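Fold and contact review
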Amino acid sequence: GTAQNAREGETVTFTVDTTAKTIPASFFDGNSHPLQVQWGGDGNLNGGTASLEAAFYPKALTGARVDSASPSASKEYDGTPLLKQVALTDLQGLHTGDQVTAMADGTAQDADAAPAKAFTAQSVNLSGTHAGYYRLDPALVEGTVAITRTAYTGEKNAQGAIGAGR
């Protein structure tokens, strides 16, 4: 970005294009980092350099979907709605060519067995070569997961099965 007529001590906000990856992903942590700025000059301004502190924030992805084809989007009934490390797909807002994968921990709408249960992500973990440049709000994850019936493990009596899976 550019700033015109900026004054000393004034806060100036720039949007950084991370496509070229010229700033290390480790800088995108919201903390202040020292930078050396250099400009070339023209007929009105001499070239020069300056030191400054800058904070970088990861780009917010705008959505993702549960990868329903992944085995991680299904679990056997265990009496809880909790699912861990559910694979996500369709990461919206990635730069073309960036390598980022996403997994979410969350809950199904309830603990009962069913093939398509609404999933609510509670946390998201991004990984991959370019993961540090991005963040994903768990509220933007959509999709369904499956809870399958457990195998029968009870004993039979005259009235039928006891302890059958749900």
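Bringing the pattern of salt bridges into the picture now. This model, assessed by the stated rule, comprises four salt bridges. Where Asp98 meets Lys21, a salt bridge forms, and the shortest distance between an N and an O atom there is 3.0 Å. Note that Asp98 is positioned in the loop between strand 6 (82–92) and strand 7 (101–108) and Lys21 in the segment before strand 1 (32–39), a separation of 77 residues in sequence. A salt bridge links Glu142 to Arg65; the nearest nitrogen and oxygen atoms lie 3.3 Å apart. Separated by 77 residues along the polypeptide, Glu142 in strand 10 (residues 141–142) and Arg65 in strand 4 (residues 63–66) bring together distant segments of the chain.

What follows is about the environment of Val145. Along the polypeptide, Val145 turns up in strand 11 (residues 144–148). For Val145 and Gln109, which are 36 residues apart along the polypeptide, the C-alpha to C-alpha distance reads 9.4 Å. In contact with Val145, not counting residues within four places along its chain, are Val66, Ala73, Leu83, Val86, Ala108, Ala114, Pro115, Ala116, Lys117 and Phe119.

Attention shifts here to the environment of Met103. Inspection of the secondary structure assignment puts Met103 in strand 7. Classification of Met103 by relative accessible area gives partly exposed; the value is 25%. For the pair formed by Met103 and Ala87, sequence separation is 16 residues and the distance between their alpha carbons is 4.6 Å.

Once that is clear, we can look at the pairing of strand 6. Looking at chain direction, strand 4 and strand 6 are connected through three bridges and run antiparallel. Note on strand 6: the bridge partner recorded for Gly63 is Gln92. Bridge count for strand 6 against strand 7 is five bridges, and the pairing is antiparallel. If you follow Leu83 over to strand 7, its bridge partner there is Gly106.

Conventions and cut-offs
- Residues numbered from 1 in each chain as written.
- Predicted model: local features only at pLDDT ≥ 70, side-chain atom pairs only at ≥ 80, totals over all residues.
- Heavy atoms only, no water.
- Salt bridge = Lys/Arg side-chain N within 4 Å of Asp/Glu carboxyl O.
- Helix = DSSP H or I, 4+ residues; strand = E, 2+ residues; numbered from the N terminus.
- Contact = heavy atoms within 4.5 Å.
- Buried < 20%, exposed > 50% of the residue type's maximum accessible area, 1.4 Å probe, protein only.
- Pairing = 2+ DSSP bridges.

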